[in-house]
Protein chains: 2
Amino acid sequence: MTAEARRILIEAAQELYAANGVAATTPREVLARSGVGQGSLYHHFPSKRDLAAAAVAQTVDDTLGSAAATLDGADEPERRIADYLERPRAATAGCRVGRLTADPVVMGDETLRGEVSRYFAELIELVARAFTEQGLDAAAARDRATTAVAVIQGGYVLSRALGDDAAMRAAVRGLLELLEPAPTGPDERSRHE
Amino acid sequence: MTAEARRILIEAAQELYAANGVAATTPREVLARSGVGQGSLYHHFPSKRDLAAAAVAQTVDDTLGSAAATLDGADEPERRIADYLERPRAATAGCRVGRLTADPVVMGDETLRGEVSRYFAELIELVARAFTEQGLDAAAARDRATTAVAVIQGGYVLSRALGDDAAMRAAVRGLLELLEPAPTGPDERSRHE
């Protein structure tokens, strides 16, 4: 029961952080949403910071796990990269992790900031691995992976700014067109690198 | 004198918004930074919202003007696009406009949100014009311009998250490598489009 209460509290915090950010979310709101008792909250998470550290770490693990499921799959690397880029995203809502870079509580706390940093470092690594399989050397794969992750993060910013998910889709289409010029044979591809 | 006080107040607000965001900045702080009298503030800007609307509009105009100076120049379009992408940026500080998409006061106000939207719509238009000059059709130029603007916005997010301007530079390098595969002749370029 106690591990279950902990899980429910973390999930409630993750949902509230996604909707309103960490800075604007109070432990009282997490408690109300979770439905667990106040004693459980203070037992598992003596401070708001403890709860935030656990919930942000969980969001990072969830999001990296879902990216890895696509990027480390069995298909051709081109296909996996395209699948990752074209994944349906609620773009006007913003990225659950990316938005934390604008959250003053997150950026002012070394642990929370470390989690956000871990997310992007590992995500770039995952994408770079797929580009390496395509034959890029390590430095070029890393640059291209940083570009790809930036397109997704920038796509979220543009979709929020313009109030339209179409901006994310346009940013991804523009990148895919650069990554996959038609026709795509090995000879053709080698001319780009 | 009165137009001068207005300009000084707007500049003070722009600087405080860039540092702390709109939501966290009070008219009192703007007053203190500007050094003008309280009467001037309330004469020019009866509400915090009036001041924010003027200061955000000014930031959008300044930033678009500086982008247009590079993107509408006399050089080859390839050169202008590369110059725009490679412009030195204090990336870990975040984009002065892009960060506003995470500011609750901005996103909750139709006028302020409209300014942020105007910025990105016009910036994408500016970049798309340069790609059109390179021979892309309107739809492809628009997609590619959205990708380029997303790379810059995402580069800011990654640089903030990783605490390192190198992420912006890597994202831009990765895009330039896709835009300018060596060698770059007209025949070579036409194969990408």
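Residues numbered from 1 in each chain as written. Chains lettered and ligands numbered in written order. Predicted model: local features only at pLDDT ≥ 70, side-chain atom pairs only at ≥ 80, totals over all residues. Heavy atoms only, no water.

### What to know about the packing of aromatic side chains
Phase 1: With the rule as written, the count across this model stands at two aromatic pairs over all chains.
Phase 2: Measuring from ring centre to ring centre gives 4.8 Å for Tyr119(A) and Phe120(A), while their planes differ by 75 degrees; the resulting arrangement is edge-to-face.
Phase 3: Relative accessible area serves as the criterion here: at 3%, Tyr119(A) is assigned to the buried category.
Phase 4: For Phe120(A), a relative accessible area of 0% gives the class buried.
Phase 5: We note Arg144(A) situated over the ring of Phe131(A); from NZ or CZ to the ring centre the distance is 5.8 Å.
Phase 6: Taking the ring centre of Tyr84(B) as reference, the NZ or CZ of Arg89(B) above it sits at 5.0 Å. (Phe/Tyr/Trp six-rings, centres within 6.5 Å; stacked < 30°, edge-to-face > 60°. Buried < 20%, exposed > 50% of the residue type's maximum accessible area, 1.4 Å probe, protein only. Lys NZ or Arg CZ within 6 Å of the ring centre and 35° of its normal.)

### Overview of the UniProt feature "domain: HTH tetR-type" (unreviewed entry) in chain A
Phase 1: The sites that UniProt annotates as "domain: HTH tetR-type" (unreviewed entry) are residues 3-63 of chain A.
Phase 2: Counting secondary structure, residues 3-63 of chain A comes out at 80% helix and 0% strand; the distance between its end C-alpha atoms is 22 Å. (UniProt positions renumbered as here; feature names shortened; annotations may be inferred. Helix = DSSP H or I, 4+ residues; strand = E, 2+ residues; numbered from the N terminus.)

### Examining the UniProt feature "DNA-binding region" (unreviewed entry) in chain A
Phase 1: Here, UniProt's "DNA-binding region" (unreviewed entry) annotation points to residues 26-45 of chain A.
Phase 2: For the annotated span residues 26-45 of chain A, helix accounts for 75% and strand for 0% of the residues, and the straight-line distance between the end C-alpha atoms is 13 Å.

### Structural notes on the interface of chain B and chain A
The accessible area lost on association of the parts is a frequent measure of interface size.
Phase 1: In this complex, chain B contributes 41 residues to the contact, which on the side of chain A involves 41 residues.
Phase 2: The contact between chain B and chain A buries some 3,500 Å² in all, and 61% of this surface belongs to carbon and sulfur atoms.
Phase 3: In this assembly, chain B and chain A are joined by four salt bridges.
Phase 4: A salt bridge links Glu177(B) to Arg144(A); the shortest N-O distance between them is 2.6 Å.
Phase 5: Across the chain B-chain A interface, the total number found is 10 residue pairs in polar contact (both at pLDDT 80 or more).
Phase 6: Top contributing element to the side of chain B that touches chain A by residue count: helix H8 (residues 138-162) of chain B, with 15 residues.
Phase 7: For the side of chain B that touches chain A, the per-class residue count stands at 21 nonpolar, 11 polar and nine charged. (Contact = heavy atoms within 4.5 Å. Buried area = accessible area lost by both parts, 1.4 Å probe. Salt bridge = Lys/Arg side-chain N within 4 Å of Asp/Glu carboxyl O. Polar contact = N/O pair within 3.5 Å; in protein donor to acceptor, adjacent residues only side chain to side chain. Nonpolar A, V, L, I, M, F, W, Y, C, P; charged D, E, K, R; others polar.)

### Topic: the pattern of salt bridges
Residue and element names in this part refer to chain A.
Phase 1: The final tally for this structure, using the stated rule, is 26 salt bridges over all chains.
Phase 2: Between Arg-7 and Glu-11 there is a salt bridge whose closest N-O contact spans 2.6 Å. You can see Arg-7 and its partner Glu-11 sitting in helix H1 (residues 2-20), four residues apart, about one turn around the helix.
Phase 3: Given a relative accessible area of 39%, Arg-7 falls into the partly exposed group.
Phase 4: For Glu-11, a relative accessible area of 36% corresponds to the partly exposed category.
Phase 5: Two residues, Arg-80 and Glu-133, come together in a salt bridge whose shortest N-O distance is 2.7 Å. With Arg-80 in helix H5 (residues 77-86) and Glu-133 in helix H7 (residues 110-133), this residue pair connects regions lying 53 residues apart in the sequence.
Phase 6: Given a relative accessible area of 5%, Arg-80 falls into the buried group.
Phase 7: Bridged by salt links that share partners, the residues Glu-4, Arg-7 and Glu-11 form one connected network.

### Describing the environment of Asp83(B)
Residues and elements named next belong to chain B.
Phase 1: The residue Asp-83 is located in helix H5 (residues 77-86) in this model.
Phase 2: Given the relative accessible area of 31%, Asp-83 is considered partly exposed.
Phase 3: Each C-alpha atom, one on Asp-83 and one on Glu-15, is 26 Å from the other, the two residues being 68 residues apart in sequence.
Phase 4: Those residues within four positions of Asp-83 in sequence are excluded, and the remaining contacts are Thr-70 and Asp-75.

### Here's the deal with the relation of the copies chain B and chain A
Phase 1: Superposition of chain B onto chain A requires a rotation of 180 degrees combined with a translation of 0.0 Å along the rotation axis, giving an RMSD of 0.0 Å. Considering both components of the superposition, the chain copies are consistent with a two-fold axis. Rotation axis and chain B: the residue whose C-alpha lies nearest the axis is Gly154(B), separated from it by 2.0 Å.
Phase 2: Of the residues that chain B buries at the interface, 100% are likewise interface residues in chain A, meaning the two copies contact each other through the same surface. (Least-squares fit on C-alpha atoms with pLDDT ≥ 70 in both.)

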